[in-house]
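What follows is each chain in one-letter form.
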Amino acid sequence: MKVAIRDIRKYFGQVKANDGISLVLEPGQIYGLLGENGAGKSTLMKILSGYHQPDSGQIELDDKDVKFSSPAEALANGVGMIYQDPLDVPSMRAVENYLLGRDSRINLAYSGATSEMIENASQLGFEIDPQAFIDTLSIGERQQLELLRLLALGAEVLILDEPTTGISADQKEGLFTSIRKLAKESGKTVILVSHKLSEVQELCDHVLVLCKGKFVGAVDIPCSTERLVQLMFKEIPPRSSRVSYIREQNLLELSQVEFEGERLTVTEINLNVRAGEVFGLAGLEGSGQKLLLQACAGLIQPKRGKIILDREDVTRFSYHQMRAASVAYLPAGRLEEGLVAGLSLTEHMALARPQQGFVVDWNYFQRETQSQIDKYQIVGRPETLVHELSGGNQQRALFALLRSPLKLLLLEHPTRGLDVLSAQWIWQLLVNRVEEGGSILFYSADLDELVERSDRIAAFSGGMMSRIVTATETTADEIGHLIGGEQ
Ligand SMILES: Nc1ncnc2c1ncn2[C@@H]1O[C@H](COP(=O)(O)OP(=O)(O)OP(=O)(O)O)[C@@H](O)[C@H]1O
Ligand SMILES: [Mg+2]
């Protein structure tokens, strides 16, 4: 299906999220949509998929004008979008979810639906048990299910917003193979929104670049990384060389630590993190690395073993005691765990930096927030509600709320959703903290990031920690094998 976007405008108050964007997309082609944080990518895709309505401009599908008032209407016209966090319903079975959005007059028998789902899944090389409950599936499987659902409902245009976060290298390969098949054999029009340039180079035929709400250029793949970065930022960031600030003494010591999550027991963790060290954790979602960070943050209590922080026994410390001991935890779910939708940046600042007494000095917090906005280059104002920020700007807001100085910083996916320049710049701020003697324990799904940014790395699989490797002596490949449980 041919898609033409003509002079689309969408303003949010003063913010020109889409400022007159025109694009034409051809069937059978895979497009990468790139642009710095807040460039307007998600807004444009939400307009194309019926989630937002434009202030002005037209969308044409196969040369016919269309107007969507909802995602369901867009899908009925052949446009489907897979969101970064799947929108499925956790308490349902896979097959029930697969049937969501079907016209209720078409009463497809349950058994018919099951075999149809298995048939369609096998054509794309997916294996999902139709009877499995959604919350037992991995993010990758949930994306596959969502893709199957959109295809069954007749999607001809497929939009994927950062679909590879939280899935393994194998799952990514599988997803890419099926996307290629859908474009090349079934003539689907595919749009991939991503900050990972290597993935765009691997999968896409063309790249479209947005900058500050405007369309600024298109190139065909193959195209060098330097050229892509230049198109996005007009400058090429200098390659930062990794400096290590490791000191002699241990800051954090875990010995024989064991703890339990909802579905997983993590045992025999022996780990020392030195002052000034950046320690990276690898592993698929749900392998134990998140539990380890939560245990170090005082959010879950170990069943056995000992945790020492700066020579103090903190094994039984609560979250608040850990905070008081200068430990900060930055969770991955920005809007589920870290930020509160509906509250402004200033209100977050007031929550994050409690003052003495009962009277909140809003003028003080307003100024403080403005200075953090400047320092972290957040596209927003003190009164902006956090759920109105773009994905990357929400991530910046989380960093802006951190106190300093900190002894131990626990991070999940620190640069998830950040553009290349922002990611580099956030790591520079983090490195400044370790230079002062703080330590960082983080996990990331991005193996290159782990190898590039850590001093040492360990991988988790099924609640077990692998041997520890030195970043300068390892490769992303080796980390991949450790994630697979190889010693
Ligand atoms: N619902 C909203 N209300 C107010 N402002 C919004 C809303 N949605 C987006 N914006 C603003 O519009 C601009 C573009 O945001 P958008 O989410 O489209 O960016 P993006 O290119 O997807 O960025 P990222 O890479 O960070 O996800 C941002 O400045 C954002 O703050
Ligand atoms: Mg976005």
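Residues numbered from 1 in each chain as written. Chains lettered and ligands numbered in written order. Predicted model: local features only at pLDDT ≥ 70, side-chain atom pairs only at ≥ 80, totals over all residues.

A. Geometry of the sheet that holds strand β6 (residues 79–82). The six strands lie next to each other as β6-β7-β8-β3-β9-β10, forming an open sheet whose pairing is mixed. Two strands lie at the open edges of the sheet, namely β6 and β10 (214–220), each paired on one side alone. In this sheet, neighbouring strand axes are inclined to one another by 20° on average, regardless of whether the strands run parallel or antiparallel. (Pairing = 2+ DSSP bridges. Helix = DSSP H or I, 4+ residues; strand = E, 2+ residues; numbered from the N terminus. Axes fitted to C-alpha atoms, helices over the stretch in contact; angles between N-to-C directions.)

B. Broad picture of helix α5 (residues 139–152). Across its 14 residues, α5 extends 20 Å between first and last C-alpha, which sits within 8% of the 20 Å expected from 1.5 Å per residue. α5 sits mainly inside the fold: twelve of its 14 residues count as buried. Within the sequence span of α5, burial applies to Ile-139, Gly-140, Glu-141, Arg-142, Gln-143, Gln-144, Leu-145, Glu-146, Leu-147, Leu-148, Arg-149 and Leu-150. Those residues of α5 hidden inside the fold are in contact with α2 (71–76), β6, α3 (94–98), α4 (110–123), β7 (157–161) and α6 (169–184). (Expected span 1.5 Å × (residues − 1). Buried ≥ 20, exposed ≤ 12 C-beta atoms within 10 Å, placed from the backbone. Contact = placed C-beta atoms within 7 Å.)

C. A look at the pairing of β7. Along β7, five of the five residues are buried, which leaves the element largely enclosed by surrounding structure. Residue alternation in β7 divides its side chains into two sets, Val-157, Ile-159 and Asp-161 and Leu-158 and Leu-160, and both sets are buried. Pairing between β6 and β7: four bridges, direction parallel. What sits directly across from Ile-82, in β7, is Leu-160. Of the strand pairs in this sheet, β7 and strand β8 (residues 189–193) are connected by five bridges, and their pairing is parallel. Each bridged residue has a counterpart across the sheet, and for Asp-161 the counterpart in β8 is Val-193.

D. The arrangement of the site of ligand 1 in detail. Taken together, 19 residues lie near ligand 1, and Phe-12, Ser-42, Thr-43, Gly-391 and Gly-392 sit nearest. Counting only elements with at least two residues in the shell around ligand 1, the list comes to β2 (15–25), α1 (41–48) and α14 (391–400). Of the residues in the shell around ligand 1, the class split is six nonpolar, eleven polar and two charged. (Near = placed C-beta within 6 Å. Nonpolar A, V, L, I, M, F, W, Y, C, P; charged D, E, K, R; others polar.)

E. The arrangement of the sheet that holds strand β1 (residues 3–12) in detail. Taken together, four strands build an open sheet; the order of strands is β2-β1-β4-β5 and the sheet is antiparallel. Each edge of the open sheet is held by one strand with a lone partner, namely β2 and β5 (64–66). Strand-to-strand twist in this sheet, taken as the mean axis angle between neighbours without regard to direction, amounts to 30°. Sheet analysis places strand β4 (residues 56–61) next to β5, joined by three bridges and oriented antiparallel. Pairing of Ile-59 across the sheet is with Val-66, part of β5.

F. Local environment of the nonpolar core. In terms of nonpolar packing, the biggest core is built from 125 residues, with Leu-192, Ala-282, Cys-296 and Leu-410 touching the most fellow members. Among the elements that line this core, the one with the most residues is helix α15 (residues 420–435), at six residues. In this structure, this core is formed jointly by two domains, domain 1 (3–233) and domain 2 (250–483), each of which donates at least three residues. Apart from residues no more than four positions distant in its own chain, Leu-192 is found in contact with Ile-30, Tyr-31, Gly-32, Leu-33, Leu-160, Val-200, Leu-203 and Cys-204. (Core = buried A, V, L, I, M, F, W, Y, C linked by C-beta atoms within 7 Å. Domains from an automatic or database assignment.)

G. Seen up close, the domain arrangement of the protein chain. Segmentation of the protein chain into domains returns domain 1 (3–233) and domain 2 (250–483). Listed by partner, the interface residues are 16 residues for domain 1 and 17 residues for domain 2. For the side of domain 1 that touches domain 2, the class distribution of residues is six nonpolar, eight polar and two charged.

H. Representation of the environment of Asn-432 in the model. Tracing the backbone through its elements, the reader meets Asn-432 in helix α15. Asn-432 sits in the exposed class, given 12 other C-beta atoms within 10 Å. Here the alpha-carbon distance between Asn-432 and Asp-374, two residues 58 residues apart in the chain, equals 18 Å.

I. Spotlight on the pairing of β4. Relative to β4, β1 runs antiparallel, the two being bridged by five bridges. Looking at the pairing, Ile-5 lines up with Ile-59 of β4. If you look at the hairpin formed by β4 and β5, you'll find two residues sitting between the two strands, and Asp-62 has a positive phi there, around 45°.

J. Region of the structure containing unusual backbone geometry. Along the chain, Ile-221 connects to Pro-222 via a cis peptide bond; the corresponding omega equals 5°. Here the phi dihedral of Asp-63 falls at roughly 65°; this positive angle occurs in a residue that is not glycine. Considering the arrangement of structural elements, one finds Asp-63 in the loop between β4 and β5. The exposure class assigned to Asp-63 is exposed, which follows from the 7 C-beta atoms found within 10 Å. In this model, Arg-311 sits at a positive phi of 70°, which is unusual for a non-glycine residue. By the secondary structure assignment, Arg-311 is in the loop between β14 (304–309) and β15 (312–313). A tally of 9 C-beta atoms within 10 Å means that Arg-311 is categorised as exposed.

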